[in-house]
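Report on the structure
Each chain, letter by letter, is given below.
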Amino acid sequence: MLPYGRQSISEQDIEAVTAVLRGDWLTTGPAVTAFENAISELAGGHRAVSCTSGTAALHIAYAALGVGPGDEIVTTPMTFVATASCAAILGATVVFADVDEDTALIDPAAVEAVMTERTKVIAAVDYAGQAAEYDVLQPLADRVGARTLADAAHSVGGTADGRPVGDLADVTTMSFFPTKNLTTGEGGAVVCKDLAIAQRAHEFHFIGLVRDPSRFELADEGPWHQEVHEYGVNYRLTDLGAALGLSQLTRMAEFKRRRAEITARYNAAFAGVDGLRTPVQRDGVDPMWHLYPIRILGGRRREVFEGLRAAGIGVQVNYIPVYWHPVFARQGYKRGLCPNAEQFYAEELSLPLFPDLTDSDADRVIETLLRLVG
Ligand SMILES: Cc1ncc(COP(=O)(O)O)c(C=O)c1O
């Protein structure tokens, strides 16, 4: 089965990981520091905190932003459930705003319509790899003293108006799962423009340990002294993962070029075909295409999905609208809440897209899909 996404691992990646295995630090070592510095550099120079997954990154980000009971976060239903659930788990109320019908990115007008004085975070998702409209979302957030969060699980390596992902919102979260734009096995990162939020993110993912003597509230017990001021968890990335990520970063430009090439090949093949709608790229963005979300019109998505799978082509659907999940539905979120997202979901199919996909693989996907809709 041709997968819809998969990692690209080089001999250099393997050597980078085995070098860590031969060294002294499996975790909390120099590879983690170097990887965080490299992510910071990629993401506009803001402090990066690495962690164990994109889900952990979201949990850390909301915790660092002080999200809790009584707060509302506004987000999109066209995402992986963690974008919403990681705020809900901290006690916040999740408010869904519909997406733009072309791009499936959160629609700033829909955000404005549901915002209140209690809005603490506007959490957008860079669906499929193109950045959301942070230039419009940021002033909306500023108006009520809220913060913007970019769930950039899909878009690491992309830019908008010449600025890199990581520099577009107050806080940016990333995922380094194997199918993502670069991988650390499991892994993620939080990038924060505000250093105080970054420090809270660091401490939350590091069990809440405070090791800076200038901040101690207790009398210093000795060289072993550390103290905890806020609850935290252990979401630390290992040096094994960090070394893999560092090595992967050296090939980001190559990954981006190849993802763009395959996207262009699909676009050219499917443009103007009856029954299909190709992805829409918004002005000003240079996406790192993570997904190729084609739309299958005429109520035929399931039939086409099954036809592709039967032909050995691994397709996926991204995503079931978040509020359909029973954990949200039981709280009273109703179907029909975000009609554009539901329509998009009904038509969406993610075709195979990853750097090692060959032209002949892509052509097989194209021929099979055209036959199925023909
Ligand atoms: C938009 C989005 N947010 C968050 C996540 C969570 O990332 P992870 O799988 O690394 O926990 C994912 C990954 O599936 C995602 O696609």
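Per an unreviewed UniProt entry, the chain is named UDP-4-amino-4, 6-dideoxy-N-acetyl-beta-L-altrosamine transaminase, and its organism is Kribbella kalugense. Quoted verbatim from the Cofactor (unreviewed entry) field of UniProt, the annotation for the chain is "pyridoxal 5'-phosphate". Looking at the chain in UniProt, the text filed under Sequence similarities (unreviewed entry) is "Belongs to the DegT/DnrJ/EryC1 family."

When helices and strands are counted, the chain shows 13 helices and 15 strands. For the chain, whose C-alpha radius of gyration is 21 Å, the value lies close to the compact-globule estimate of 21 Å for 374 residues. For the chain, the spread of C-alpha atoms along the three principal axes comes to 75 × 50 × 35 Å. Split into buried and exposed, the 374 residues of the chain put 54% on the buried side. Sequence-distant contacts in the chain: of pairs separated by 6 or more residues, those separated by 24 or more amount to 71%. Just so you have it, the chain exposes about 15,700 Å², and 52% of that area is on carbon and sulfur atoms. The average position of the 32 basic charges and that of the 48 acidic charges among the side chains of the chain differ by 5 Å.

Below, the discussion takes up helix H9 (residues 252–270). Relative to the 27 Å expected for 19 residues at 1.5 Å per residue, H9 spans 27 Å between its end C-alpha atoms, a close match to the ideal helical length. Looking at H9, one finds that the buried residues are Met 252, Phe 255, Lys 256, Arg 258, Arg 259, Ile 262, Thr 263, Tyr 266 and Phe 270. Of the residues one or two after H9, Gly 272 is the one with positive phi, at around 75°.

Further remarks concern the UniProt feature "active site" (unreviewed entry) in the chain. The positions UniProt marks with the feature "active site" (unreviewed entry) are Lys 180. The residue Lys 180 is located in the loop between strand S8 (171–175) and strand S9 (188–192) in this model. Judged by its relative accessible area of 16%, Lys 180 is buried. Ignoring any residue separated from it by four or fewer positions in sequence, one finds Lys 180 in contact with Ala 153, His 154, Ser 175, Arg 259 and His 290.

Here the focus is the packing of helix H10 (residues 301–310) against helix H13 (residues 359–373). For the pair H10 and H13, interaxial distance at closest approach is 10 Å and the crossing angle is 140°. By the criterion of interaxial angle, the relationship of H10 to H13 is oblique. Where H10 crosses over H13, the handedness of that crossing is right-handed. For the pair H10 and H13, the contacting residues are Val 304, Gly 307 and Leu 308 in the first and Val 365, Thr 368, Leu 369, Leu 372 and Val 373 in the second.

Right, let's talk about the sheet that holds strand S4 (residues 119–125) for a bit. The seven strands lie next to each other as S1-S9-S8-S5-S4-S2-S3, forming an open sheet whose pairing is mixed. In the strand order of this sheet, the two ends are held by strand S1 (47–51) and strand S3 (93–96), each with one partner. With strand direction ignored, the average angle separating the axes of adjacent strands in the sheet is 20°. Sheet topology note: the S8/S9 ladder contains five bridges and is antiparallel. Note on S9: the bridge partner recorded for Val 171 is Cys 192. Strands in contact with helix H2 (residues 30–42) are S1, S8 and S9; relative to S1, the strand with the most contacts, it is inclined by about 130°.

A separate point is the packing of aromatic side chains. Within this structure, the stated rule accounts for 11 aromatic pairs. Among the aromatic side chains, those forming a connected cluster through ring pairs are Phe 96, Tyr 323, Phe 328 and Tyr 333. Here the basic side chain of Arg 236 rests over the ring of Phe 206, its NZ or CZ set 4.5 Å away from the ring centre. Looking at Arg 301, its charged tip hangs above the ring of Tyr 345, at a distance of 4.9 Å from the centre.

Let us now look at the domain arrangement of the chain. With domains assigned, the chain is organised as domain 1 (11–249) and domain 2 (252–373). Centre-to-centre, using C-alpha coordinates, domain 1 lies 26 Å away from domain 2. Contact residues are listed per partner, giving 40 residues for domain 1 and 35 residues for domain 2. For the pair domain 1 and domain 2, the two sides together bury roughly 3,200 Å², of which 59% comes from carbon and sulfur. Counting across the interface, domain 1 meets domain 2 through one salt bridge. Across the salt bridge formed by Asp 102 and Arg 277, the nearest N and O atoms sit 2.4 Å from each other. Applying the counting criterion to the domain 1 and domain 2 interface returns 22 residue pairs in polar contact (both at pLDDT 80 or more). Among the elements of the structure, helix H4 (82–88), S3, strand S6 (159–160) and helix H8 (239–249) are those that each provide at least two residues to the side of domain 1 that touches domain 2. The greatest single-element share of the side of domain 1 that touches domain 2, amounting to three residues, is contributed by S3. Its residues assigned to classes, the side of domain 1 that touches domain 2 shows 19 nonpolar, 14 polar and seven charged.

How each quantity is defined
Residues numbered from 1 in each chain as written. Predicted model: local features only at pLDDT ≥ 70, side-chain atom pairs only at ≥ 80, totals over all residues. Heavy atoms only, no water. UniProt positions renumbered as here; feature names shortened; annotations may be inferred. Helix = DSSP H or I, 4+ residues; strand = E, 2+ residues; numbered from the N terminus. Rg over C-alpha atoms; globule rule 2.2 N^0.38 Å. Buried < 20%, exposed > 50% of the residue type's maximum accessible area, 1.4 Å probe, protein only. Contact = heavy atoms within 4.5 Å. Areas by Shrake-Rupley, 256 points an atom, 1.4 Å probe, with all protein chains shown as cover. Lys, Arg positive; Asp, Glu negative; His and termini not counted. Charge placed at Lys NZ, Arg CZ, Asp CG, Glu CD. Expected span 1.5 Å × (residues − 1). Axes fitted to C-alpha atoms, helices over the stretch in contact; angles between N-to-C directions. Parallel < 35°, antiparallel > 145°, perpendicular 65-115°, else oblique. Left-handed = near helix turned anticlockwise from the far one by under 90°. Pairing = 2+ DSSP bridges. Phe/Tyr/Trp six-rings, centres within 6.5 Å; stacked < 30°, edge-to-face > 60°. Lys NZ or Arg CZ within 6 Å of the ring centre and 35° of its normal. Domains from an automatic or database assignment. Buried area = accessible area lost by both parts, 1.4 Å probe. Salt bridge = Lys/Arg side-chain N within 4 Å of Asp/Glu carboxyl O. Polar contact = N/O pair within 3.5 Å; in protein donor to acceptor, adjacent residues only side chain to side chain. Nonpolar A, V, L, I, M, F, W, Y, C, P; charged D, E, K, R; others polar.

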